[in-house]
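Structure at a glance
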Amino acid sequence: MFELTDRVALVTGAGQSVGAGIATVLARAGAKVIVNDLHEERAQKVAAEITGEGLSAVASVFDVTDMDSVVGAIRAAEAELGGAVDILVNNAGIAQGNWSGPFRDLEPEQWRLPIDLNIYGSLNTTKAVIDGMCERGWGRVIQISSGSARTGQNIGVSMYATGKSGIEGFMRHLAAEVGQFGVTANILALGHQENLAEFMPPERIQQLLRTIPIGRLGDPFEVGAACAYLASYEAAGLTGQTVDFNGGSQTR
Ligand SMILES: NC(=O)c1ccc[n+]([C@@H]2O[C@H](COP(=O)([O-])OP(=O)(O)OC[C@H]3O[C@@H](n4cnc5c(N)ncnc54)[C@H](O)[C@@H]3O)[C@@H](O)[C@H]2O)c1
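Predicted model, so just to flag it, every value in this text is computed and none were measured.

Here the focus is the overall build of the protein. Regarding its fold elements, the protein presents 7 helices and 7 strands. When its helices and strands are written in sequence order, the protein yields β-α-β-α-β-α-β-α-β-α-β-α-α-β. A compact globule built from 252 residues would reach a C-alpha radius of gyration of about 18 Å, and the protein, at 17 Å, matches this within 12%. With respect to the principal axes defined by its C-alpha atoms, the protein has extents near 45 × 35 × 35 Å. For the protein, the residues scored as buried account for 49% of the 252 residues in total. Taking all contacts inside the protein whose residues are at least 6 apart in sequence as the whole, residues at least 24 apart take part in 73%.

This paragraph deals with the packing of helix α1 (residues 17-28) against helix α7 (residues 220-230). As a packed pair, α1 and α7 sit with axes 7 Å apart at the nearest point and diverge in direction by 50°. Between α1 and α7, the crossing angle belongs to the class labelled oblique. As α1 packs across α7, the resulting crossing turns out to be right-handed. Touching S17, V18, G21, I22, T24, V25, L26 and R28 of α1 are P220, F221, V223, G224, A225, C227 and A228, all from α7. When grouped by side-chain class, the residues that make up the contact of α1 with α7 number 10 nonpolar, 4 polar and 1 charged.

The next point concerns unusual backbone geometry. Look at F2: it is not a glycine, yet its phi comes out positive at around 55°. Positionally, F2 belongs in the segment before β1 (8-11). Phi is positive for S17, which is not a glycine, with a value near 50°. Examined against the element boundaries, S17 turns out to sit in helix α1.

This part is about the site of the ligand. Around the ligand, a shell composed of 29 residues is seen, among which S17, D37, N91, Y160 and N195 lie nearest. Contact with the protein chains hides 93% of the accessible area of the ligand, taken as 840 Å² for the molecule alone. A total of 3 residues in the shell around the ligand trace back to one element, the largest contributor, which is strand β5 (residues 139-146).

What follows concerns a nonpolar patch on the surface. A cluster of nonpolar side chains, namely M1, F2 and Y229, defines an oily patch on the protein surface of about 330 Å² accessible area. By the element assignment, Y229 lies in helix α7.

Mapped onto the secondary structure, A48 falls in helix α2 (residues 40-52). A relative accessible area of 43% places A48 in the partly exposed class. Linking A48 and V58, residues 10 residues apart in sequence, is a C-alpha distance of 8.1 Å.

Another aspect to go through is the pairing of strand β2 (residues 32-37). If a strand is regular, its side chains alternate between the two faces of the sheet. Of all the 6 residues making up β2, 6 are buried; the element is thus mostly covered by neighbouring parts of the structure. The two faces of β2 match: K32, I34 and N36 on one face and V33, V35 and D37 on the other face are all buried. Strand direction decides the pairing type here: β1 and β2, joined by 4 bridges, are parallel. When the sheet's bridge partners are listed, L10 is paired in β2 with I34. Between the parallel elements β2 and strand β3 (residues 57-61), the chain passes through α2 in a crossover that is right-handed.

Running from N to C, helix α4 (residues 112-136) and helix α5 (residues 158-178) point in directions that differ by 20°, and their axes come no closer than 7 Å. By the angle class used here, α4 and α5 are roughly parallel. With respect to the hand of their crossing, α4 and α5 are arranged in right-handed fashion. Here P114, I115, N118, I119, S122, L123, T126, I130 and C134 of α4 come into contact with α5, specifically with M159, Y160, T162, G163, K164, G166, I167, F170, M171, L174 and V178. A per-class count over the contact of α4 with α5 returns 13 nonpolar, 6 polar and 1 charged.

As a further point, take the side chain of N118. Within the secondary structure, N118 is located in helix α4. There is a polar contact of 3.0 Å between the side chain of N118 and the backbone oxygen of P114. A polar contact of 2.9 Å, which involves the side chain of N118, links it to the side chain of K164. In this structure N118 touches A92, G93, Y160, G163, K164 and I167, once residues within four positions along its chain are discounted.

Thresholds applied
Residues numbered from 1 in each chain as written. Predicted model: local features only at pLDDT ≥ 70, side-chain atom pairs only at ≥ 80, totals over all residues. Heavy atoms only, no water. Helix = DSSP H or I, 4+ residues; strand = E, 2+ residues; numbered from the N terminus. Rg over C-alpha atoms; globule rule 2.2 N^0.38 Å. Buried < 20%, exposed > 50% of the residue type's maximum accessible area, 1.4 Å probe, protein only. Contact = heavy atoms within 4.5 Å. Axes fitted to C-alpha atoms, helices over the stretch in contact; angles between N-to-C directions. Parallel < 35°, antiparallel > 145°, perpendicular 65-115°, else oblique. Left-handed = near helix turned anticlockwise from the far one by under 90°. Nonpolar A, V, L, I, M, F, W, Y, C, P; charged D, E, K, R; others polar. Near = heavy atom within 4 Å. Areas by Shrake-Rupley, 256 points an atom, 1.4 Å probe, with all protein chains shown as cover. Patch = residues over 30% accessible without salt bridge, like charges linked within 9 Å, V, L, I, M, F, W, Y side chains within 5 Å. Salt bridge = Lys/Arg side-chain N within 4 Å of Asp/Glu carboxyl O. Pairing = 2+ DSSP bridges. Right-handed = clockwise from strand over helix to strand, strands pointing away. Polar contact = N/O pair within 3.5 Å; in protein donor to acceptor, adjacent residues only side chain to side chain.

Written out as structure tokens, the structure is:
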């Protein structure tokens with residue numbers, strides 16, 4: 001079950017945290033994994049950890065918002081692994097830089113980065129691999145999103161949520177267009193993840209935990225396992241859906 005042997009998977013923003021967990025689990029399920037990140041040392045470290053387990057991975061350094069780099073780097077990584085991308089996980093989504101805060105406090109130049117990353121970043125990678133998937137009659141596109149795409153929250157992430165909700169809409173249309181070719185597209189809307197504890201004060205984490213029925217933050221390897229299912233042969237009938245993966249939180 002959920003066997004990915006010989007599938008080639010691209011995971012964007014996989015140099016740490018959630019993306020690293022996804023890349024590792026897909027590799028353990030048998031996929032050859034392209035570990036993308038903006039930062040070379042992060043991508044190399046995760047790829048080395050995966051190959052250190054005797055599994056298959058290559059690091060691929062590119063900025064998902066730069067279409068020319070995306071296409072060139074994906075073709076090079078595919079050549080290195082000896083296969084075209086069958087599974088795309090659009091995980092890169094947390095922009096670096098100054099983009100958060102209440103909308104009223106943001107300047108227009110702060111809007112662009114989280115929207116570009118979450119919309120153009122995923123459009124670019126999808127464009128680079130979707131024709132091949134359709135021609136081969138098999139493919140899986142998984143968009144990592146957030147509950148903030150569908151729920152208003154007073155935590156200063158309105159531009160990030162604008163990007164996430166935009167790309168969620170695109171994925172539903174993509175699913176409708178490519179289903180006939182054996183390609184699925186789904187959205188995994190995550191709740192609060194473990195890495196938040198690295199920069200949020202403990203009192204704030206305790207507040208968050210009270211809203212999560214399982215009483216803990218999300219684990220990157222569990223997100224990876226959900227991706228392995230969505231990427232599998234067995235998930236062929238599941239497409240165009242948003243799956244909340246948030247420990248049962250009703251507030252998203
Ligand atoms: N952490 C959470 O609590 C949480 C909650 C909901 C959703 N998510 C989603 O999960 C995904 C992963 O989040 P995370 O917390 O692991 O993020 P993170 O910031 O820990 O890691 C993201 C990685 O993406 C890379 N990256 C950033 N911009 C990039 C670009 N333009 N091109 C290529 N790589 C780029 C970064 O270098 C970084 O290594 C994101 O889509 C995020 O929106 C996270």
